[in-house]
Amino acid sequence: MSEQTPAAAGPSFTQNVYGGTAAQGVNVTQNIGVQADQLADLVRQLRGLAPTLPQADQEEFLVDVEVLEDTEQAPRARLSAGQRIMLALNAAPAAQAAVETLGQVIGALGG
């Protein structure tokens, strides 16, 4: 009988992905998301836009902004919060720049 040795795992790569570019292969870890400073700028913009929304919607909007900001939240929760924020901002004409950036964040969270 001959002994079988497991194939070497080979090198392991970690890749941070910003903007949806992805790699394929064995032993590749991808961290998909947005840069921290981009997310911080977006959150600041979103908080500044909250007063432009109807009073009844502002509290829920700010809760969703907190979920989006919290990188410890599950990607699905952050994606859902981002989608709700997008819907709220579509009604606010002064929010176009934030809507574009938020679209990039949602794209990154959605994979």
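Novice: How should I be thinking about the packing of helix H1 (residues 36-49) against helix H4 (residues 96-110) in this particular structure?
Specialist: When two helices pack together, their arrangement is given by the angle between the helix axes and the distance between those axes. Where H1 contacts H4, the axes come no closer than 10 Å and their chain directions differ by 135 degrees. As the angle between them shows, H1 and H4 are arranged oblique. The two elements H1 and H4 meet at a crossing, and its hand is left-handed. Residues Gln38, Leu42, Gln45, Leu46 and Leu49 of H1 lie in contact with H4, whose contacting residues are Ala97, Ala98, Thr101, Leu102, Gln104 and Val105. In the contact of H1 with H4, the residues fall into seven nonpolar, four polar and no charged.

Novice: Help me out: how do you make sense of the confidence of the model for the protein in this one?
Specialist: Residues shown with low pLDDT carry predicted positions that ought not to be read at fine detail. On average, residues of the protein score 75 in pLDDT, and 67% of them reach the 70 mark or higher. Taken element by element, the protein is modelled with least confidence in strand S2 (residues 28-33), mean pLDDT 48, and with most confidence in helix H2 (residues 55-69), mean pLDDT 93. Low pLDDT (under 50) marks residues 17-23, which in the prediction has 14 contacts with non-local residues, meaning those over four places away or in another chain. Here residues 28-32 is a poorly scored stretch, pLDDT under 50, and it has 16 contacts once near neighbours within four places are set aside; other chains count.

Novice: Where do I start with the nonpolar core in this structure?
Specialist: Inside soluble globular proteins, nonpolar side chains tend to come together where they are buried. By size, the foremost hydrophobic cluster in this structure holds 21 residues, and its most contacted members are Leu42, Leu46, Phe61, Leu68, Ile85, Leu89 and Leu102. Elements that contribute at least two residues to this core include exactly H1, H2, helix H3 (75-90) and H4. Not counting residues up to four positions away in its chain, the partners in contact with Leu46 are Phe61, Val65, Leu68, Ile85, Leu89 and Ala98.

Novice: Quick question: what am I supposed to make of the side chain of Arg78 here?
Specialist: In this structure, Arg78 sits in helix H3. It turns out Arg78 is buried and unbridged, and the closest side chain with the opposite charge, Asp70, is 6.8 Å from it.

Novice: Mind showing me how you'd approach the packing of H3 against H4 here?
Specialist: Running from amino to carboxyl end, H3 crosses H4 at an angle of 155 degrees, the nearest separation of the two axes being 10 Å. Judged by the angle between their axes, H3 and H4 are roughly antiparallel. The element H3 and its partner H4 pack so that their crossing is left-handed. Only Ala98, Val99, Leu102, Gly103, Ile106, Leu109 and Gly110 of H4 make contact with H3, whose side of the interface consists of Arg78, Leu79, Gly82, Gln83, Ile85, Met86, Leu89 and Asn90. Its residues assigned to classes, the contact of H3 with H4 shows nine nonpolar, five polar and one charged.

Novice: In this structure, what is going on with the pattern of salt bridges? I would like to understand it.
Specialist: Oppositely charged side chains can pair when the atoms bearing their charge come close. Considering all chains together, one arrives at three salt bridges under this definition. The shortest N-O distance in the salt bridge between Arg44 and Asp41 comes to 2.2 Å. Here Arg44 and its partner Asp41 are both found in helix H1, three residues apart, which amounts to about one turn of the helix. Judged by relative accessible area, Arg44 falls into the exposed class, the value being 54%. The residue Asp64 makes a salt bridge to Arg84 at a minimum N-O spacing of 2.8 Å. Of the two residues, Asp64 is situated in helix H2 and Arg84 in helix H3; the sequence distance between them amounts to 20 residues.

Criteria and thresholds
- Residues numbered from 1 in each chain as written.
- Predicted model: local features only at pLDDT ≥ 70, side-chain atom pairs only at ≥ 80, totals over all residues.
- Heavy atoms only, no water.
- Axes fitted to C-alpha atoms, helices over the stretch in contact; angles between N-to-C directions.
- Helix = DSSP H or I, 4+ residues; strand = E, 2+ residues; numbered from the N terminus.
- Parallel < 35°, antiparallel > 145°, perpendicular 65-115°, else oblique.
- Left-handed = near helix turned anticlockwise from the far one by under 90°.
- Contact = heavy atoms within 4.5 Å.
- Nonpolar A, V, L, I, M, F, W, Y, C, P; charged D, E, K, R; others polar.
- pLDDT = per-residue confidence, 0-100.
- Core = buried A, V, L, I, M, F, W, Y, C linked by side-chain atoms within 4.5 Å.
- Buried < 20%, exposed > 50% of the residue type's maximum accessible area, 1.4 Å probe, protein only.
- Lys, Arg positive; Asp, Glu negative; His and termini not counted.
- Salt bridge = Lys/Arg side-chain N within 4 Å of Asp/Glu carboxyl O.

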